[in-house]
Amino acid sequence: MSGQPSGPGPGAYPPAGGARTGARAPVLHVRGRVLLDDERAVDELWVVGGRVTFAPPSGRRSADVVTLEGWALPGLVDLHCHIGLGPDGPVDRVTAEAQARADRDAGTLLVRDAGSPSDTRWIDDRPDLPRVVRAGRHLARPRRYLRGYGRELDAVEDLPSAVAEEAARGDGWVKVVADWIDRDLGPEADLVPLWPDDVLGAAVRAAHDAGARVTAHTFATEALPGLLAAGVDCLEHGTGLVPEMIDEVARRGIPVVPTLVQVANFAGFAEQAGDRFPRFAARMRRMHARRYEHVRDLHDAGVRLLLGSDAGGTIAHGRLPDEAAEVVRAGVPAAEVVAAASWRARELLGVPGLEEGASADLVVYPSDPRDDVAVLGAPSAVVLRGGLVA
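Q: How do you make sense of the pattern of salt bridges when you look at a structure like this?
A: Close approach of charged atoms allows side chains of opposite charge to pair. The final tally for this structure, using the stated rule, is 29 salt bridges. Between Arg279 and Glu188 there is a salt bridge, and its shortest N-O distance comes to 3.6 Å. With Arg279 in helix α8 (residues 278–289) and Glu188 in the loop between β13 (179–181) and β14 (191–193), the pair connects residues that are 91 residues apart, well separated along the chain. Taking the relative accessible area as the measure of exposure, Arg279 reaches 44% and is therefore partly exposed.

And the structure:
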């Protein structure tokens, strides 16, 4: 066992809250093996007043302590999720709450909402629902994205000002749709970039000036040179990355969220395109066929891979464990995938994991998910803001 970790005191974090936290809430004693990060693990920790502590609390009766045993790690993070989005666009609050609960019960306690047409700020007042880091609305062009999902800009030159506006609405992220099928090309229709390179560069600068980062939806190879030249901060899907681009992405440390659960649908997209858009269909089939090889190439090159389920729209929530299993199937070691789904993603978002005084957001499993990633799909306990919620 490594030595007792240290960290900032309780005053360094906002109130933890939680359905069962506070002075009368039972203390939680988590024991077995607690994974803190790539290097550190301990045999136990406690949750007192909704916060993590590595020092045994004094003056507590055994009846006031709830013991959770197993393998614990910081709550999972879904970096590509759409709470508030359904197949036809925005959903009502009841549906959005059900989405958030499904994510939570699967161990996802932190979500980067990578574009949503719904106002989900009310979730911030619900201590029983996952924390959400928002990227505003998807920024796209008319008829160049899914109807009802994004904010459609009539003029490409409006992108920088729209990015600044979405940065003000979000939580430090903006989502840009970089490529989509152009059906106006008829039988030659294929994935085409939406924005000129100079406009993309100005848009990313506008986001950075506002203190925000830009992540980009991208399937196509053709959109990537402009994104990289603009200084984009993260890539969603990234199915068009070719070897020389992969090396550059790795060199810059740009995270890629491969969303294999979504890429599994590419064959179906090709079938829907049929004979009407044969170029597009052929490309989608190629990307589908080599999806595992592609992710393995990213990993082998040293690209910073992180996990996102792309839940929302047509994909059910609570599927981050499925995404983890897909990435392992691609050839990425399970230990790397577990780290990417937990503490490494928290580091990207600047949200603490299991540190002294931090909000107690953790998941307990019956065995080590680094040995069998399927364990992520069956948590034995979920603790959010110090409350035992599942």
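Past the structure itself, the notes keep going.
Q: Can you help me understand the sheet that holds strand β3 (residues 51–53) in this one?
A: Sheets are built from strands that pair by backbone hydrogen bonding, the pairs being arranged parallel or antiparallel. Pairing in this open sheet of 7 strands is mixed, and the strands run β3-β2-β1-β4-β18-β19-β20 from one edge to the other. Looking along the sheet, the strands with just one partner apiece sit at the ends: β3 and β20 (387–388). In the sheet, strand β2 (residues 41–48) pairs with β3 via 3 bridges, with the strands oriented antiparallel. Residue Trp46 lies in a different strand from β3, and its bridge partner there is Thr53.

Q: It is not clear to me how helix α11 (residues 334–341) should be interpreted in this structure. Could you clarify?
A: One turn of the α-helix equals 3.6 residues, which is why residues spaced by three or four share an orientation. Burial runs high along α11: 6 of the 8 residues are buried. Listed as buried for α11 are Ala334, Val337, Val338, Ala339, Ala340 and Ala341. Buried residues along α11 sit in contact with β4 (65–74), β5 (76–81), α10 (320–329) and α12 (343–349).

Q: In this structure, what is going on with the confidence of the model for the chain? I would like to understand it.
A: Predicted coordinates in regions of low pLDDT should not be interpreted in detail. Across the chain, the average pLDDT comes to 93, with 94% of residues at 70 or higher. Scored below 50 in pLDDT, residues 1–15 shows 29 contacts in the model against residues more than four places distant or in partner chains. Counting contacts from residues 17–23, a segment whose pLDDT is below 50, to residues more than four positions away or on other chains yields 16 contacts.

Q: In this structure, what is going on with the pairing of strand β19 (residues 381–384)? I would like to understand it.
A: On any regular strand, side chains alternate: one points to one face of the sheet, the next to the other face. Neither face of β19 is open: one carries Ala381 and Val383, the other Val382 and Leu384, and all of them are buried. Pairing between β19 and β20: 2 bridges, direction antiparallel. Bridge pairing links Val383 to Leu388 in β20. What sits between β19 and β20 in their antiparallel hairpin is a turn of 2 residues, with Arg385 showing a positive phi close to 55°.

Q: Can you help me understand the packing of aromatic side chains in this one?
A: For any two aromatic rings, the description comes down to two numbers: the centre-to-centre distance and the angle of the planes. On inspection of all chains with the given rule, the structure shows 5 aromatic pairs. Their ring planes at 70° and their centres at 4.9 Å tell us that Tyr145 and Trp180 sit as a pair that is edge-to-face. With Tyr145 in the loop between β10 (139–140) and β11 (151–152) and Trp180 in strand β13, the pair connects residues that are 35 residues apart, well separated along the chain. Comparing Tyr145 with Trp180 shows no difference in burial state: the two are buried. Relative to Phe266, the ring of Phe219 lies with its centre 4.8 Å away and its plane at 70°, an arrangement referred to as edge-to-face. With Phe219 in the loop between β15 (213–218) and α4 (224–230) and Phe266 in helix α7 (residues 266–273), the pair connects residues that are 47 residues apart, well separated along the chain. We note Arg112 situated over the ring of Trp173; from NZ or CZ to the ring centre the distance is 4.6 Å. Its end group placed over the ring of Tyr292, Arg291 keeps NZ or CZ at 4.5 Å from the ring centre.

About the cut-offs
Residues numbered from 1 in each chain as written. Predicted model: local features only at pLDDT ≥ 70, side-chain atom pairs only at ≥ 80, totals over all residues. Heavy atoms only, no water. Salt bridge = Lys/Arg side-chain N within 4 Å of Asp/Glu carboxyl O. Helix = DSSP H or I, 4+ residues; strand = E, 2+ residues; numbered from the N terminus. Buried < 20%, exposed > 50% of the residue type's maximum accessible area, 1.4 Å probe, protein only. Pairing = 2+ DSSP bridges. Contact = heavy atoms within 4.5 Å. pLDDT = per-residue confidence, 0-100. Phe/Tyr/Trp six-rings, centres within 6.5 Å; stacked < 30°, edge-to-face > 60°. Lys NZ or Arg CZ within 6 Å of the ring centre and 35° of its normal.

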